[in-house]
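Here is what each chain is made of, one letter per residue.
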Amino acid sequence: MPFFTRQVTTEKDALAAYAAQQIHQLATTLIGLDDEQIRATPTASDMSLASLARHCLYVGNDGLLATAVDPSRAETHGTGDISAGEPLAAGIRPEDTSESLIEALEDMARWVENLVPTLDMDSRVEKPDAPWYPQDLESWPTRWVVLHYVEEYARHAGHADIIRQSIDGKIAYELNALADGEPWPPEDWGKEWDAWIEGRQGN
């Protein structure tokens, strides 16, 4: 089950793995949904799964992480779709489907996981001229930028979990099993859980 991040060995490997993992988790929330469901806003928020996916694709491909890339040696993987700067309906494309968005997110996850180990974590990334960034800074270490993206992806993966549960009740464990082609629930899932609880109560 891809619910857990793979094992890591170095700082760069860990940053790459955790950033990519959160993108994978967002992608799983789209599994098995139709065009109407991915555009649905079943909570008090105006966010949908499609708008969250489009927002993360824009932020991941065109934001601070892309500015950390040396254009002479790597692609920035940008979409240039500034309409997805907020996770709202304006950023969704008419042709978006659950399958196409999953494919795009998985492609970005691979790009991030391959890119991050090549970066110099102590190099500086210039702060873009945008009102939501701190006005008393000129740049950040690349290390901070990558950690910021882990935080950004994780926040929106959590949003997506809540929206998906509001649509059909499916939770992350089940969606991760579906993503990995595994049955749900696993055989003896309830028995294993009951045995674990009994063991804890006996201590």
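Everything quoted here is computed from the prediction, not taken from an experiment.

The rules behind these values
Residues numbered from 1 in each chain as written. Predicted model: local features only at pLDDT ≥ 70, side-chain atom pairs only at ≥ 80, totals over all residues. Heavy atoms only, no water. Patch = residues over 30% accessible without salt bridge, like charges linked within 9 Å, V, L, I, M, F, W, Y side chains within 5 Å. Areas by Shrake-Rupley, 256 points an atom, 1.4 Å probe, with all protein chains shown as cover. Salt bridge = Lys/Arg side-chain N within 4 Å of Asp/Glu carboxyl O. Helix = DSSP H or I, 4+ residues; strand = E, 2+ residues; numbered from the N terminus. Buried < 20%, exposed > 50% of the residue type's maximum accessible area, 1.4 Å probe, protein only. Axes fitted to C-alpha atoms, helices over the stretch in contact; angles between N-to-C directions. Parallel < 35°, antiparallel > 145°, perpendicular 65-115°, else oblique. Left-handed = near helix turned anticlockwise from the far one by under 90°. Contact = heavy atoms within 4.5 Å. Nonpolar A, V, L, I, M, F, W, Y, C, P; charged D, E, K, R; others polar.

Engineer: Explain a nonpolar patch on the surface to me, and be specific about the residues and the numbers.
Structural biologist: Taken together, the side chains of I171, Y173 and W189 define a hydrophobic patch exposed on the protein surface, amounting to about 250 Å² of accessible area. Mapped onto the secondary structure, Y173 falls in helix α7 (residues 172–179).

Engineer: Go over the pattern of salt bridges, please, and point to the residues and values.
Structural biologist: Enumeration according to the criterion identifies 11 salt bridges in this entry. Its salt-bridge partner being R164, residue D168 comes within 2.9 Å of it at the nearest N-O pair. Pair noted here: D168 and R164 are both in helix α6 (residues 142–168), with a separation of 4 residues, about one helical turn. You can call D168 partly exposed: its relative accessible area is 31%. For K170, the salt bridge identified is with D168, shortest N-O distance 3.9 Å. Given a relative accessible area of 24%, K170 falls into the partly exposed group. Linked by salt bridges that have partners in common, R164, D168, K170 and E174 make up one network.

Engineer: Describe in detail the packing of helix α3 (residues 49–62) against helix α5 (residues 98–115), supporting the description with residues and values.
Structural biologist: Relative to each other, α3 and α5 sit at 25 degrees, their axes nearing to 10 Å. Between α3 and α5, the angle is such that the two are roughly parallel. Here α3 runs over α5; the crossing is left-handed. Across from A50, A53, R54, C56, L57, G60 and N61 in α3, the residues of α5 making contact are L101, A104, L105, M108 and W111. A class-by-class count of the residues in the contact of α3 with α5 yields 9 nonpolar, 2 polar and 1 charged.

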